[in-house]
Amino acid sequence: GETSASQASFDQAVDRFQRLYNTNPNSQTERDYTLILSQQGRRKSQAKEFQSALDLYTRALDIRRQADRDSPNDTTRRDLAWANWYVGDVLLNMDREAEACKHHASGLSLMAEACNRNPDDARSRRNLGQMVAALVQPAYAKSFQGADALEAVRKAIEVTDLTEETRSQLQQLNQRLS
């Protein structure tokens, strides 16, 4: 009862934000819409409804790609990085490891680019650290492999002012992938 009511409420919110975005497309309605898509994707993923989660995350990713092309800035680059990451996570849950790796590598590379674009942006460096901390976990070891992964790690290593922990984790990843 309560779960289905909550789900219906979220579905209505997605519809409202989509209408608002379609009626008045601007950076704020675009970001709000993609955030609600990602929240709904997370709910679907937690419920093990991975195909529905993938559909939602992919819709958010497509919008974030366009936003980053239209007016690239720190926020659009971070949002695009996370959108790729979320798609990668749900693909990993669907045992589509090669595809997951491409999205995780893309997310890591984009976050490194955001850090390098604006060295004063602590949020991007913190987000990069969160991604790297996840990638050293066993759940990612099997899927985060190959040239795309190595290239992304090497881009991230070039970022300045990372914490010692993040730098150490990047070195671990670099050694594992080399």
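Definitions and cut-offs
Here, residues in each chain are numbered from 1, in the same order as that chain's written sequence. In keeping with the model being predicted, local features are shown solely for residues with a pLDDT of at least 70 and side-chain atom pairs are shown and tallied solely at 80 or more, while totals for entire chains, interfaces and linings include all residues. Only heavy atoms go into the side-chain values, all of them from the structure, while hydrogens and water stay out. Starting at the N terminus, helices and strands are each numbered in turn, a helix being any DSSP run of H or I of at least four residues and a strand any DSSP run of E of at least two. It only takes one pair of heavy atoms within 4.5 Å for two residues to be counted as in contact. How far a helix is expected to stretch is found by multiplying one less than its residue total by 1.5 Å. Exposure is judged per residue with a 1.4 Å probe applied to protein chains only, and the accessible area is read against the type maximum: over 50% gives exposed, under 20% gives buried, and values in between give partly exposed. Pairs of N or O atoms within 3.5 Å make up the polar contacts considered here, provided that, within protein, one atom can donate a hydrogen while the other can accept it, and that residues adjacent in sequence are counted only when both atoms are side-chain atoms. Only C-alpha atoms enter the line fits that serve as axes; for helices the fit covers just the stretch in contact. Angles between N-to-C directions range over 0 to 180 degrees. Note on terminology: angles under 35 degrees are roughly parallel, angles over 145 are roughly antiparallel, angles of 65 to 115 are roughly perpendicular, and the others are oblique. The crossing is said to be left-handed when, going from far helix to near helix, the turn is anticlockwise and less than a right angle, and right-handed when the turn is clockwise. Note on definitions: salt bridges are taken to be side-chain nitrogens of Lys or Arg within 4 Å of carboxyl oxygens of Asp or Glu. Any Phe, Tyr or Trp ring, taking Trp's six-membered ring, that has another such ring centre within 6.5 Å forms a pair; planes under 30 degrees apart are called stacked, those over 60 apart edge-to-face, and the others tilted.

Undergrad: How would you summarise the side chain of Asn84 if you had to cite specific residues and measurements?
TA: Mapped onto the secondary structure, Asn84 falls in helix H4 (residues 74–93). Apart from the residues lying within four places of it in its own chain, the contact partners of Asn84 are Leu61, Arg65, His103, Ser106, Gly107 and Leu110.

Undergrad: An account of H4 is requested, with residue identities and associated values reported.
TA: For H4, built from 20 residues, the straight-helix expectation of 28 Å at 1.5 Å per residue is met to within 8% by its first-to-last C-alpha distance of 29 Å. Among the 20 residues in H4, 15 count as buried, and that is most of the element. Two or three places before Thr75, at the opening of H4, Asn73 has a side-chain oxygen 2.9 Å from that residue's backbone nitrogen. Of the residues one or two after H4, Asp95 is the one with positive phi, at around 60°.

Undergrad: Could you give me a rundown of the packing of helix H5 (residues 97–117) against helix H8 (residues 146–157), with the residues and numbers involved?
TA: Two elements in contact, H5 and H8, have axes separated by 8 Å at closest approach and are oriented at 15°. By the criterion of interaxial angle, the relationship of H5 to H8 is roughly parallel. Remark: the crossing between H5 and H8 carries left-handed chirality. Residues Cys101, Lys102, Ala105, Leu108, Ser109, Ala112, Glu113 and Asn116 of H5 form the contact with H8, whose participating residues are Asp148, Ala149, Ala152, Val153, Lys155 and Ala156.

Undergrad: Before we move on, could you go through the pattern of salt bridges and cite the residues and values that matter?
TA: Scanning all chains against the criterion turns up 12 salt bridges. Across the pair Glu113 and Arg77 runs a salt bridge whose closest N-O atoms are separated by 2.3 Å. Of this pair, Glu113 sits in helix H5 while Arg77 sits in helix H4, placing them 36 residues apart in sequence. Classification of Arg77 by relative accessible area gives buried; the value is 9%. Shared partners join several salt bridges into a network, and the residues in it are Glu30, Arg31, Arg64 and Asp79.

Undergrad: Explain the packing of aromatic side chains to me, and be specific about the residues and the numbers.
TA: Here the structure, examined in full by the defined rule, presents four aromatic pairs. A ring pair is formed by Trp82 and Trp85, whose centres lie 6.3 Å apart and whose planes are at 80°; its orientation type is edge-to-face. In this pair, Trp82 and Trp85 are both assigned in helix H4, three residues apart and thus about one turn of the helix distant. Grouping residues by exposure puts Trp82 and Trp85 together as buried.

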